[in-house]
Amino acid sequence: MPEPPGPSPEPEPSPESPAPQPSPARRPAVYLPEPVYDGYDPVTTGRNTVVIFILGLSGARLLLAARRRRR
């Protein structure tokens, strides 16, 4: 009788290459920490929103006045 085949040999693991390091040109020069917003002041935020809104309205009014003058 023929002999039963032995266990199949395990394939050798391929050598792992080290992870590619980013080139110096792509690496950021300085790591900036994330800003921390501890003090949220709704009064200041609301005031800034109102100021921006008023400036936008006055700018639109000036643009309309200039357009009327050109006609």
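Quantities reported herein were computed from a predicted structural model and do not represent experimental measurements.

Calculation rules
- Residues numbered from 1 in each chain as written.
- Predicted model: local features only at pLDDT ≥ 70, side-chain atom pairs only at ≥ 80, totals over all residues.
- Heavy atoms only, no water.
- Helix = DSSP H or I, 4+ residues; strand = E, 2+ residues; numbered from the N terminus.
- Areas by Shrake-Rupley, 256 points an atom, 1.4 Å probe, with all protein chains shown as cover.
- Patch = residues over 30% accessible without salt bridge, like charges linked within 9 Å, V, L, I, M, F, W, Y side chains within 5 Å.
- Salt bridge = Lys/Arg side-chain N within 4 Å of Asp/Glu carboxyl O.
- Lys, Arg positive; Asp, Glu negative; His and termini not counted.
- Charge placed at Lys NZ, Arg CZ, Asp CG, Glu CD.
- Buried < 20%, exposed > 50% of the residue type's maximum accessible area, 1.4 Å probe, protein only.

Participant: Any chance you could explain the overall build of the protein here in plain terms?
Facilitator: Looking only at helices and strands, the protein features 1 helix and 0 strands. For the protein, the accessible surface area stands at approximately 7,900 Å², while carbon and sulfur atoms represent 63% of it.

Participant: Would you mind going over a positive patch on the surface with me for this structure?
Facilitator: A cluster of basic side chains, namely Arg67, Arg68, Arg70 and Arg71, defines a positive patch on the protein surface. Here arginine 71 is to be found in the segment after α1 (42-70).

Participant: What is the right way to look at a nonpolar patch on the surface in this model?
Facilitator: Together, Val50, Phe53, Ile54 and Leu57 line one region of the surface with nonpolar side chains, adding up to about 410 Å² of accessible area. If you trace the backbone, valine 50 turns up in helix α1. Judged by its relative accessible area of 47%, valine 50 is partly exposed.

As far as function goes, none of this settles anything; it's purely spatial.
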